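# Descriptive structure summary
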Amino acid sequence: MSRPVLLRGGRVIDPSQKLDEILDLLLADGCVAAFGKGLQAPDGCEALDVSGLVVAPGLVDLHVHLREPGEEHKETIASGARAAAAGGFTSICAMPNTRPPIDDPAAVGFVRAAGEQAGFAHVYPVGAVSIGLKGEEMTEIGELMAAGAVAISDDGRPVADSGLLSRAMEYASAFDIAYFSHSEDLGLSAGGVMNEGAVSTSLGLRGIPNAAEDTAVARDCIVAELTGGQLHILHVSTRGAVEIVRAAKARGVNVTAEATPHHLSLTDEAVRGYRTEAKMNPPLRSAADVAAVRDALVEGVIDSIATDHAPHHYEDKDREFDYAPFGIVGLETALGVCVRELVVGGHLDLPELIDRLSCRPAKIAGLPAGSLAEGSVADVVVFDPESRWTCQPEEFYSLSRNTPFAGQELVGRVVMTLVSGRTVHDGRGDR
Amino acid sequence: MHSEPNAVVMDERAVRRAVARMAREIVERNAGTQGLILVGIHRRGVELADLIAEEIEKSEEQKIPLGTLDITLYRDDLSVIGPRPVIGASDIPADIEGRAVVIIDDVCYTGRTARAAIDHLADFGRPARIYLCVLVDRGGRELPIQPDFVGRHFEVTPAEDVAVLVPEEDGRLAVELRKTE
Amino acid sequence: MTKTVEFGKDLTGLEGLSVDQISTILDVAEPFKEISERPIKKVPVLRGKTIVNLFYEPSTRTRVSFEFAEKRLSADTVNISGSGSSIVKGESLVDTARNLEAMRIDMVVIRHGSSGAARFLADRIPSNVINAGDGQHEHPTQGLLDMLTIRDHMGGIEGRRVCIVGDILHSRVARSNIYGLTKLGADVAVCGPPTLIPHGIEELGVQVFKRVEEAIEWAEVLNVLRLQLERMKAGYIPSLREYNRFFGISVARLEKAPRDILILHPGPMNRGVEIDSHVADGPHSVILRQVTNGVAIRMAVLYLLAGGSPERAEAAKMENRS
């Protein structure tokens, strides 16, 4: 067990306890031992002055792609977890669309074990809904859960067959785990590579209409209502989807939703110049969509923020726009983008932001995270909310560099990340 | 330093005298107007060709075929000076095969314009003889090319420029010496 | 003195060109028309320049038109086309670009099925890159030759009402026409089945006619696009017969127009589908004139881009030497 750590004089923000004040926080035996004013450092304790910094529960990302097994040149579980630590995330959910996919208990066990071995963050596998992500046969959802899966998803693809979807959600409800939905109508999005609108028309690129997401979100909500299963809508990008989630919540459907930092900050204008680092699915939408998604996050219609961290090798991205893969990395820029867009932008205060980046996602997936209450796991992020820094992808811990935020000034820099009381990222030397 | 930046070295009268003399020389050298074609190089050479043709017609009572050449696309310095936004038409009114063509330009300097004009003419046929006629020979040749008919010689340094002014372009007929910088 | 209009290294589209640049290309094309009428159809202006025609998509007329233009300017040309080259062996565009660069070529004319491919190549090699059609993005020289043809026959472009008819969604010709014509002050409309009109097209400054009769009532010029036969299989239109019935340009339809309408078509035509033979071969068709103008436009573009060397600005000071 590591030495106890005393974080002195930081602004402790823990929305789970409605806490926001200057306090000391003592971490021992991997748990939060105490918080209060003027705590005494026990013997052998490492005492750190964190005055001027925010101390918060470690961030929780329900939506990352770690590429292992199968595409270890893009990311490994260890490199992805290291990137998470650098971004202040202490718990991450690894999506099952690896090669082969995480669709059996052994694969789930592999991801968990690799995550534990790396030790940079808690890595929670998400199990596939269908065998091989083919959308045909249901996986052994119970076995997956028993092996450590915290949710089920075919992310990257929707479950197109509504019959299969309803059976999977019904079945999963027995185990109290959520279906994470990549909501996309493949007929409406067929061939599309970016948002459908004036920009796609002027660039001559095939568009993906908002309706591709809206119709799928509507269907998913209706199936959730039918089955009573827990539905979590991944990466909401359209104003239409926001309204559908709002209405479903009002009817009492068991649905939550997330948005990504990029859908909260960028529009399809970022694609101009055929910039493949702005190619992702769902695509960057219009300014009206960005505003609607942001307002929904503020209101609580959208519950949480997740990165959809999707590493790709530069060779895969350095090609014709049509042929480049979808996706961008996000673990190391999420906090900086969110503080800049949402806090500096005047939409959320810091406790509200931490709620969406830590407490709420932990709750959605039922993870032991998102709180600094005494006795909880000592997953902590310490960050400087004022610090401005320039996003330089070559400094990423992730093996991939595909980000549209390169060269941008971001606000809010992670100073330290602790997982189970152990320092896994120490950025105190960084400028 | 020259107190007068643009020194007039030939006034209108002087230019006209030179033009009349060159017109006579051309006819003499060609032993008449038989088979003669005058071709002016865009842009000032075209006006000078008009003046020379007028003189010949006055004295010989013969209409002389008169053409124009734009040598822009025959220059060897595209990558040095870049493309020109205006390219004039090349118009050769008669078959030049076996005839005597007089290329007429305002100034002969490096000889490159004349070289380009000769190349250009070759695309229209094979004349029996090509003559070069210029109002001003300022020296400084970079190619083994010499004019056959010259209005006036000036030894001019590279820092100076000889400007031939013609009514259509410049509103008057004259030759000026200018400092280029 | 005529004012000098600077051109960049590449021509990837008309969207990024200024009014002056477009007008200059059209003006410079005029004298190039005459060269093609001479007995010796050749000038030495690009002698020693090496040009690669890199065609990832099959094309006869555009490639031949470029090749004539290049040869009439005395350039050395090499054609690389989809079949029989490393293109089909899966070499990436990046690697092709690097190879071309290593061979020290001066210009690349590229046709590619992917929007943005010309820009992609242009950003990666020092040679001049001319877009001969990239996916559904732009086909700038086609746009320019259409504009030159309209200018020839209508006496100008400003204020003219031009309607582009057909598959706007998949058409790079439509986009280049829209950008170029609107910049020069034409009124531009598009007309076609709603499945083939892209969303947001109005934001490019054009109006949309859903019925071809309305377009004919309004227009002075119709630019009739080729209907790719694959569109039927992909479900954008139910049948060619139905397309012809509702959107085909026929003599009967044109006779109802309040004026004579100039007819353009970028070719190759599907006679009896988007255009009837009597229209294509009729008195108001300038389709063959477009082909002639195509060579002149491409000569003008090659000429204007070829001069763009870094030493040039410096040496321009010596321009008075004659």
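Residues numbered from 1 in each chain as written. Chains lettered and ligands numbered in written order. Predicted model: local features only at pLDDT ≥ 70, side-chain atom pairs only at ≥ 80, totals over all residues. Heavy atoms only, no water.

## A word on the overall build of chain C
Convention followed: For the purposes of this entry, the term helix denotes a DSSP run of H or I that reaches at least four residues, the term strand denotes a run of E that reaches at least two, and both are numbered from the N terminus. Radius of gyration here is computed from C-alpha atoms only, and the compact-globule reference equals 2.2 Å multiplied by the residue count raised to the power 0.38. Think of it in three bands: with a 1.4 Å probe and only protein chains considered, a residue is buried below 20% of the maximum accessible area for its type, exposed above 50%, and partly exposed in between.
Each helix and strand counted, chain C has 13 helices and 9 strands in total. Relative to the globule expectation of 20 Å for 322 residues, the C-alpha radius of gyration of chain C, 20 Å, shows essentially globular dimensions. Along the three orthogonal principal directions, the C-alpha set of chain C runs to about 60 × 50 × 40 Å. The proportion of buried residues among the 322 residues of chain C is 59%.

## Examining the arrangement of the chains
Threshold: Contacts are assigned to residue pairs that have any heavy atoms within 4.5 Å of one another.
No other pair of the 2 pairs of chains in contact has as many contacts as chains B and C. One finds no contact between chain A and chain B; the C-alpha atoms of the two approach each other to within 28 Å at their closest.

## Some remarks on the sheet that holds strand β3 (residues 107-112) of chain C
All names here are of chain C. Here is the rule we go by: What makes two strands pair is DSSP finding at least two bridges between them. Fitted lines through C-alpha atoms serve as axes, helices being fitted only where they are in contact, and the angles separating the N-to-C directions of these axes extend from 0 to 180 degrees.
Read from one edge of the open sheet, 4 strands run β2-β1-β3-β4, paired in parallel fashion. In this open sheet, the two strands that pair with only one neighbour each are β2 (76-81) and β4 (128-134). Taking each pair of neighbouring strands and ignoring which way they run, the sheet shows an average axis angle of 15 degrees. Pairing of strand β1 (residues 50-55) with β3 involves 5 bridges; the strand directions are parallel. In the strand pairing of β3, L54 is matched with I110. Most of the contacts of helix α2 (residues 61-72) go to β1, to which it runs at about 180 degrees, and overall it touches β1, β2, β3 and β4.

## Notes on the interface of chain A and chain C
We apply this condition: We define buried area as the total accessible area lost by two parts upon association, computed with a 1.4 Å probe and summed across both. Definition used for salt bridges: Asp or Glu carboxyl oxygen within 4 Å of a side-chain nitrogen of Lys or Arg. Each polar contact in these results corresponds to two N or O atoms within 3.5 Å; when the atoms are within protein, one needs to be able to donate a hydrogen and the other to accept it, and residues that are neighboring in sequence are counted only if both atoms are side-chain atoms.
Of the residues lining the interface, 16 residues belong to chain A; the matching set on chain C comes to 24 residues. For the chain A and chain C pair, buried surface summed over both sides reaches about 1,600 Å², with 48% attributable to carbon and sulfur atoms. Our count for the contact surface shared by chain A and chain C stands at 1 salt bridge. In this structure, D318 of chain A engages R124 of chain C in a salt bridge whose closest nitrogen and oxygen atoms are separated by 2.5 Å. Connecting chain A to chain C are 10 residue pairs in polar contact (both at pLDDT 80 or more).

## Remarks on the sheet that holds strand β8 (residues 174-179) of chain B
Residues and elements named next belong to chain B. If you trace the 3 strands from one edge of the open sheet to the other, you get β1-β8-β7, paired in antiparallel fashion. Across the chains shown, the open sheet's two edge strands, defined by having one partner strand only, are β1 (6-10) and β7 (160-165). Strand-to-strand twist of the sheet, defined as the mean angle between neighbouring strand axes without regard to direction, takes the value 30 degrees. Pairing of β1 with β8, which is carried by 4 bridges, proceeds in the antiparallel orientation. Note that in β8 the partner of N6 across the bridge is R178.

## Section: the layout of surface pockets
Residue and element names in this part refer to chain C. Convention followed: Detection works on a 1 Å grid of protein atoms alone, calling trapped sets that fit a 1.4 Å probe cavities and calling open sets with protein on both sides within 12 Å along at least five of seven lines pockets, with lining residues defined by an atom within 4 Å of a point. Grid points are joined across faces, edges and corners, and a volume is the space filled by probe spheres set on the points. We call Asp, Glu, Lys and Arg charged. Ala, Val, Leu, Ile, Met, Phe, Trp, Tyr, Cys and Pro are nonpolar, and the rest, Gly among them, are polar.
Estimated volume of the second largest pocket: approximately 880 Å³. Lining the second largest pocket are 36 residues, with R111, R172, Q228, G267 and P268 sitting closest to its centre. Elements with a contribution of two residues or more to the lining of the second largest pocket: α2, α5 (140-154), α6 (172-183), α8 (230-233) and α12 (287-306). Of the residues assigned to the lining of the second largest pocket, the class counts are 11 nonpolar, 16 polar and 9 charged.

## A closer look at helix α1 (residues 12-29) of chain B
The periodicity of an α-helix, 3.6 residues per turn, causes residues three or four places apart in sequence to face the same way. Residues and elements named next belong to chain B. The criterion, for reference: The span one expects for a helix is its residue count, reduced by one, times 1.5 Å.
Taking 1.5 Å per residue, 18 residues should reach 26 Å; α1 reaches 26 Å between its end C-alpha atoms and fits that length. Those residues of α1 not exposed but buried are A14, V15, A18, V19, A20, M22, A23, I26 and V27. The first or second residue beyond α1 is A31, which carries a positive phi of 55 degrees.

## Overview of the packing of helix α1 (residues 19-35) of chain C against α12 of chain C
All names here are of chain C. For the record, the criterion: Any angle that is under 35 degrees is reported as roughly parallel, and any over 145 degrees as roughly antiparallel; angles of 65 to 115 degrees are reported as roughly perpendicular and all others as oblique. Should the near helix be turned anticlockwise from the far one by less than a right angle, the crossing is left-handed, and should it be turned clockwise, the crossing is right-handed.
Orientation of α1 relative to α12, taken along the N-to-C sense of each, is 115 degrees, at an axis distance of 8 Å. Looking at the two axes, α1 sits roughly perpendicular to α12. Here α1 runs over α12; the crossing is right-handed. The segment α1 lies against α12, with T24, I25, L26, V28, A29, F32, K33 and I35 engaging R289, N293, A296, I297, M299, A300, V301, Y303 and L304. Residues that form the contact of α1 with α12 fall into these classes: 13 nonpolar, 2 polar and 2 charged.

## Describing the pattern of salt bridges
This model, assessed by the stated rule, comprises 48 salt bridges over all chains. A salt bridge links R340 of chain A to E341 of chain A; its shortest N-O distance comes to 3.0 Å. Using a relative accessible area of 19% as the deciding quantity, one classes R340 of chain A as buried. By relative accessible area, E341 of chain A is classed as partly exposed at 21%. A salt bridge links K33 of chain C to E30 of chain C, with the shortest nitrogen-to-oxygen separation between them at 3.1 Å. One end of the pair is K33 of chain C and the other is E30 of chain C, both in helix α1 and 3 residues apart, which spans about a single turn.

## Focus: the confidence of the model for chain C
For any part of a model where pLDDT is low, the fine detail of the predicted coordinates should not be relied upon. Residue and element names in this part refer to chain C. To be explicit about the condition: For every residue, the predictor reports its confidence as pLDDT, a number between 0 and 100.
Across chain C, the average pLDDT comes to 90, with 92% of residues at 70 or higher. Throughout residues 308-322 the model reports pLDDT below 50, and contacts reaching past four residues in sequence, or to other chains, amount to 24 contacts. As scored by the predictor, the complex reaches a pTM of 0.89 and an ipTM of 0.89.

## Topic: the side chain of D355 of chain A
Residues and elements named next belong to chain A. Topologically, D355 is positioned in helix α12 (residues 350-365). Given a relative accessible area of 15%, D355 falls into the buried group. Contacts of D355, omitting those with residues within four sequence positions, involve P15, R360 and P361.

## Description of the side chain of D103 of chain A
Residues and elements named next belong to chain A. Basically, it comes down to this: Residues scored as charged are limited to Lys and Arg (positive) and Asp and Glu (negative), so that His and the chain ends carry no count.
Summarising the element assignment, D103 is placed in the loop between β7 (89-94) and α2 (105-118). The side chain of D103 sits in the buried core without any salt bridge; K134 is the nearest counter-charge, 7.8 Å away. At 2.8 Å, the side chain of D103 forms a polar contact with the backbone nitrogen of G132.

## Structural notes on unusual backbone geometry
With an omega of 5 degrees, the peptide bond between E68 of chain A and P69 of chain A qualifies as cis. Residue position: P69 of chain A is located in the loop between β6 (59-64) and α1 (77-86). Despite not being glycine, R104 of chain C shows a phi value in the positive range, around 55 degrees. Mapped onto the secondary structure, R104 of chain C falls in the loop between α3 (93-102) and β3. Overall, R104 of chain C belongs to the exposed group, its relative accessible area being 64%.

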